[in-house]
Amino acid sequence: MAMLTATTCLTGGRSPAGARRSAPALRATLVRAAAGSYADELVSTAKSVASPGRGILAIDESNATCGKRLASIGLDNTEANRQAYRQLLLTTAGLGEYISGAILFEETLYQSTTDGKKFVDCLKDQNIMPGIKVDKGLVPLPGSNNESWCQGLDGLASRCAEYYKQGARFAKWRTVVSIPCGPSALAVKEAAWGLARYAAIAQDNGLVPIVEPEILLDGSHGIKTTFEVAEKVWSEVFFYMAQNNVLFEGILLKPSMVTPGAEHKQKATPEAIAKHTLQMLRRRVPPAVPGIMFLSGGQSEVEATLNLNAMNQAPNPWHVSFSYARALQNSVLKTWQGRPENVEAAQRVLLTRAKANSLAQLGRYTGEGESDEARKGMFQKGYTY
């Protein structure tokens, strides 16, 4: 009798075959309900970020990580110095031609320029969507092979609601998977489930979730190993997002490119990276997803741009673009050196890098005229944000 009651509840009195036929419609109803009144806005926001020739500027480094960047040019890690650097980035005239979204750290979301203009308004004036990092960082995962999990679900709903009020319209949650550590089934499942819960909570509060399970470059493995791990990770991520009724039209992905490990004896060509990456994504990512915004993950500025360009030599089911931090900022920081007289020169460098990646998104980047500095790799073993 219990079995009959459960079946009746699930099928509305119809046969199981009828229930199977109505399952897609039921999921669509649940998904729209889960996204709530924000469903149309989420779709619109995601499409705006995934617009032709534009990508994301990621400046969501924690205060500690930003401090390391500032220390590299001899500056102390103070709020004033962090504000000055981010003001340089966010007030660059013409940036909105190439940048559609900027991921901010919480401190930056609430900051203003020295003239009193909110950073959020600086972005909106250039048609750049403000975004916000919402995870609380990585901690050791008990029972795993020295792996980690991402914390931050506690209190996430209320934080997302406050960020929305402040002007944020998308969010980012980064977790990591380590190939040298396995990865274990536990670590993959934990990463996928955490991303799915975050995505559902973000959408429920009006923020488009950027879903980022970064497969770290650490290791000496070949590109086929990375491919296999990436397939497994994204399979689980979409399985759990479906279980959590996430609206796929209202998300963005931030995957790693499929490359060999950083310590592998032979580097892969942009063409090989594009082939493996796109094949993996076509097997795992529904075309309903508006945009795939790659992370650079320690590649050099030029490498990241060449690889993106190779992926845009033919039409893709989704907008294929960038969400770069170091690969947009490295040369900018070194040009600035913390000196007010260098601000305009540093902003010109930012525009150069942003334009290069805009061309790569359109499949038109050649790599000609790039500096030696832009060709230097930035991989750091065990890198943390």
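Above this text is the structure in question.
This structure is a prediction, so every number in the text was calculated from the model and none was measured. (Residues numbered from 1 in each chain as written. Predicted model: local features only at pLDDT ≥ 70, side-chain atom pairs only at ≥ 80, totals over all residues. Heavy atoms only, no water.)

What is the right way to read the side chain of Gln203 from this model?
Residue placement: Gln203 occurs in helix α9 (residues 185-204). Take Gln203: its relative accessible area is 2%, and that puts it in the buried class. Within the structure, the side chain of Gln203 is placed 2.9 Å from the backbone oxygen of Leu247, a separation counted as a polar contact. A polar atom in the side chain of Gln203 sits 3.1 Å from the backbone oxygen of Gly250. (Helix = DSSP H or I, 4+ residues; strand = E, 2+ residues; numbered from the N terminus. Buried < 20%, exposed > 50% of the residue type's maximum accessible area, 1.4 Å probe, protein only. Polar contact = N/O pair within 3.5 Å; in protein donor to acceptor, adjacent residues only side chain to side chain.)

Sorry, what's going on with the packing of helix α10 (residues 223-243) against helix α11 (residues 270-284) here?
As a packed pair, α10 and α11 sit with axes 9 Å apart at the nearest point and diverge in direction by 25°. Between α10 and α11, the angle is such that the two are roughly parallel. Judged by the sense of rotation from one axis to the other, the crossing of α10 with α11 is right-handed. Contacts between α10 and α11 pair Ile223, Lys224, Phe227, Ala230, Glu231, Trp234, Ser235 and Phe238 from the former with Ala272, Ile273, His276, Gln279, Met280, Arg283 and Arg284 from the latter. (Axes fitted to C-alpha atoms, helices over the stretch in contact; angles between N-to-C directions. Parallel < 35°, antiparallel > 145°, perpendicular 65-115°, else oblique. Left-handed = near helix turned anticlockwise from the far one by under 90°. Contact = heavy atoms within 4.5 Å.)

How do you make sense of the environment of Lys165 when you look at a structure like this?
Position of Lys165 among the secondary structure elements: in helix α8 (residues 156-166). Residues Lys165 and Gly206, spaced 41 residues apart in sequence, show a C-alpha to C-alpha distance of 9.8 Å.

So what exactly am I meant to see when it comes to the pattern of salt bridges here?
Between side chains of opposite charge, pairing is possible as soon as their charged atoms come close. Applying the stated rule across the entire model yields 14 salt bridges. Close ionic contact of Lys117 with Asp125 constitutes a salt bridge, the shortest N to O distance being 2.4 Å. For Lys117, a relative accessible area of 37% corresponds to the partly exposed category. The class for Asp125 is exposed, based on a relative accessible area of 54%. We note a salt bridge from Lys267 to Glu303, for which the minimum N-O separation is 2.1 Å. Separated by 36 residues along the polypeptide, Lys267 in the loop between β8 (252-253) and α11 and Glu303 in helix α12 (residues 301-311) bring together distant segments of the chain. (Salt bridge = Lys/Arg side-chain N within 4 Å of Asp/Glu carboxyl O.)

Before we go on, may I ask you to explain the environment of Gly250 in this structure?
Within the fold, Gly250 resides in the loop between α10 and β8. Looking at Gly250, the relative accessible area reads 0%, which means it is buried. Each C-alpha atom, one on Gly250 and one on Lys47, is 8.3 Å from the other, the two residues being 203 residues apart in sequence. Dropping the residues within four chain positions of it, Gly250 is found in contact with Leu42, Val43, Ala46, Gln203, Val208 and Pro209.

Honestly, the nonpolar core in this entry has me stumped. Any pointers?
Generally speaking, soluble globular proteins have nonpolar side chains that are buried together. Counting 102 residues, the largest nonpolar core has Tyr198 and Met241 as its most contacted members. Broken down by element, the residue count for this core peaks at ten residues, all from α10. Sequence-distant contacts of Tyr198, defined by excluding residues within four places in its chain, comprise Val134, Leu153, Leu156, Ala171, Lys172, Trp173, Pro209 and Ile210. (Core = buried A, V, L, I, M, F, W, Y, C linked by side-chain atoms within 4.5 Å.)

Before we go on, may I ask you to explain the sheet that holds strand β3 (residues 129-133) in this structure?
Within a sheet, each strand pairs with its neighbour through backbone hydrogen bonds, oriented either parallel or antiparallel. Pairing is parallel in the closed barrel, where eight strands are placed in the order β1-β2-β3-β6-β7-β8-β9-β10. With four bridges connecting them, strand β2 (residues 99-104) and β3 associate as parallel partners. Each residue of the ladder has a partner; that of Leu104, found in β3, is Ile132. Against the sheet, α12 engages β9 (291-294) and β10 (319-324), with an angle of about 170° to β10. (Pairing = 2+ DSSP bridges.)

I'm lost on the environment of Val120 in this one. Help?
The residue Val120 is located in helix α7 (residues 119-124) in this model. Look past the residues within four positions of Val120 in its chain and what remains in contact with it is Leu109, Pro130, Gln166 and Gly167.

Can you walk me through the packing of aromatic side chains in this structure?
Working definition: an aromatic ring pair is given by the centre-to-centre distance plus the angle between the planes. For the structure on display, the rule yields eight aromatic pairs. On the numbers, 5.5 Å between centres and 90° between planes, the contact of Trp193 with Tyr240 is edge-to-face. Of this pair, Trp193 sits in helix α9 while Tyr240 sits in helix α10, and the two are 47 residues apart along the sequence. Exposure remark for Tyr240: the relative accessible area of 11% places this residue in the buried category. Through successive ring pairs, a cluster of aromatic residues spans Trp193, Phe239 and Tyr240. One cation-aromatic arrangement involves Arg169 over Tyr164; the distance from NZ or CZ to the ring centre is 3.7 Å. (Phe/Tyr/Trp six-rings, centres within 6.5 Å; stacked < 30°, edge-to-face > 60°. Lys NZ or Arg CZ within 6 Å of the ring centre and 35° of its normal.)

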